[in-house]
Amino acid sequence: MRIVAAFAIFVSANVAFMGTALAQYNFDVLYTGSGNATLALGSDNPLVTLLNSGDSFAYSLTATGGSYWQVNSATPLFAALQVSPSGTTIVDFAYSLFLDGGQVFSGSQNDVSNCCIHLGESAFLTSGLVFDQLTFTVSLESGVGRTPVSLLPFAGAPEQTQSGIAFVNSVPEPSTWAMMLMGFAMVGGAMRRRLRRQLQATPSLA
């Protein structure tokens, strides 16, 4: 009976451990450029999430408002989530790049060891590639008590990390809007002056 009781305690303890450690999270981050990132509605918050061995998560970084990233020169794909406290973390991961919902690039690596939750330099992005979303899924093989310290990948968004990548913002900057409005005003003024001259040149029928 003692052996059976001890075995039951061992099994229940391990089930409890697995219930707390084998967690799955979804980190959905929206990006508007210039390092500005916010969590999407319904997303888990990585900044308060304690990751342990056996846990997994899906991370997505999505450009908003029709903006996108463009690869202007061949560059390695590099991304990592900086975590605290630092220490050796071993992960398996898969990543994908999307444009308008269609996959344009993908890859994966296993047993990647780094002080961050590292997402590798396993492939080069070719010049001309365009994407508006970066996603990756990660399974932690080792590393206990790690919490991400930023919504963005380590060193920032793709255009901040790699010199060969540019962020193309579809929303004009304020200075661009000002120039456009000034141009519209000048065109409108010219049309009014032309109409006034035409009216003045028209003979009166009275």
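Computed from a prediction, not measured in an experiment: that's the story for all the values here.

Cut-off values and rules
- Residues numbered from 1 in each chain as written.
- Predicted model: local features only at pLDDT ≥ 70, side-chain atom pairs only at ≥ 80, totals over all residues.
- Heavy atoms only, no water.
- Phe/Tyr/Trp six-rings, centres within 6.5 Å; stacked < 30°, edge-to-face > 60°.
- Buried < 20%, exposed > 50% of the residue type's maximum accessible area, 1.4 Å probe, protein only.
- Helix = DSSP H or I, 4+ residues; strand = E, 2+ residues; numbered from the N terminus.
- 1 Å grid on protein atoms, 1.4 Å probe; cavity = no way out; pocket = protein on both sides within 12 Å on 5 of 7 lines; lining within 4 Å.
- Points joined across faces, edges and corners; volume = space filled by probe spheres on them.
- Nonpolar A, V, L, I, M, F, W, Y, C, P; charged D, E, K, R; others polar.
- Polar contact = N/O pair within 3.5 Å; in protein donor to acceptor, adjacent residues only side chain to side chain.
- Core = buried A, V, L, I, M, F, W, Y, C linked by side-chain atoms within 4.5 Å.
- Contact = heavy atoms within 4.5 Å.
- Pairing = 2+ DSSP bridges.
- Axes fitted to C-alpha atoms, helices over the stretch in contact; angles between N-to-C directions.

Q: Explain the packing of aromatic side chains to me, using residue names and the numbers behind them.
A: A complete count under the given rule lists 10 aromatic pairs for this structure. For the ring pair Y25 and F27, a centre distance of 6.0 Å and an interplane angle of 15° mean the geometry is stacked. Judged by its relative accessible area of 21%, Y25 is partly exposed. Seen in terms of ring centroids, Y31 and W69 are 5.7 Å apart; in terms of plane orientation they differ by 20°. Their pairing is stacked. Taken together, the positions of Y31 in strand β1 (residues 24-33) and W69 in strand β4 (residues 68-71) put the pair 38 residues apart, joining distant regions of the chain. We note that Y31, like W69, is buried. Among the aromatic residues, those joined into a cluster by ring pairs are Y25, F27, F57, Y59 and F136.

Q: Explain empty space enclosed by the protein residue by residue, including any values.
A: Any empty space left between the atoms is revealed when a probe the size of a water molecule rolls over them. Counted under the stated rule, the structure contains 2 cavities of 30 Å³ or more. If you add up the space inside the largest cavity, you get close to 60 Å³. P76, L77, F78, A79, L134, P153, G156, A157, P158, T161, Q162 and I165 together form the lining of the largest cavity. Each residue belonging to the lining of the largest cavity can be placed in one class, and the counts come to 9 nonpolar, 3 polar and no charged.

Q: I'd like to hear about unusual backbone geometry, residue by residue, with values.
A: Cis geometry marks the peptide bond from S84 to P85, where omega comes out at -5°. The topology assignment puts P85 in the loop between β7 (83-84) and β8 (89-99). Phi angles above zero are rare outside glycine, and S34 is one such case at about 55°.

Q: Describe the side chain of T49, naming the residues involved and giving the relevant values.
A: Its place among the elements puts T49 in the loop between β2 (36-39) and β3 (56-63). The exposure class of T49 is buried, given its relative accessible area of 7%. A distance of 2.6 Å separates a polar side-chain atom of T49 from the backbone oxygen of N45.

Q: Give a description of the nonpolar core that names residues and reports values.
A: Note on soluble globular proteins: their nonpolar side chains tend to be buried together. Ranked by size, the top nonpolar core spans 32 residues in total, and within it F57 and L125 carry the most contacts. Taken together, the elements giving at least two residues each to this core come down to β1, β3, β4, β8, β9 (102-114), β13 (133-142) and β15 (165-168). With residues up to four places along the chain from it excluded, the contact list for F57 reads Y25, F27, L51, L81, I117, F136, T137, V138 and L140.

Q: Go over the sheet that holds β8 with me, naming the residues and quoting the values.
A: Strand order across the open sheet formed by 6 strands is β2-β1-β3-β13-β8-β9, with mixed pairing between neighbours. Only two strands of the sheet have a single partner each, and these edge strands are β2 and β9. Within the sheet, the average angular offset between the axes of one strand and its neighbour, ignoring direction, is 20°. As paired elements, β8 and β13 share 9 bridges and run antiparallel to each other. Counted as the bridge partner of V91 is L140 from β13.

Q: For the environment of C116, give the residues involved together with the corresponding values.
A: In this fold, C116 is placed in the loop between β9 and β10 (117-118). A C-alpha to C-alpha distance of 7.5 Å links C116 and T88, two positions 28 residues apart in sequence. Ignoring any residue separated from it by four or fewer positions in sequence, one finds C116 in contact with A80, L81, Q82, V83 and T89.

Q: With reference to specific residues and values, describe the sheet that holds β15.
A: Pairing within the open sheet is antiparallel, and its 3 strands lie in the order β12-β4-β15. Single-partner strands in this sheet number two, and they are β12 (130-131) and β15. When β4 meets β12, the two strands line up antiparallel, connected through 2 bridges. Counted as the bridge partner of Q70 is V130 from β12.

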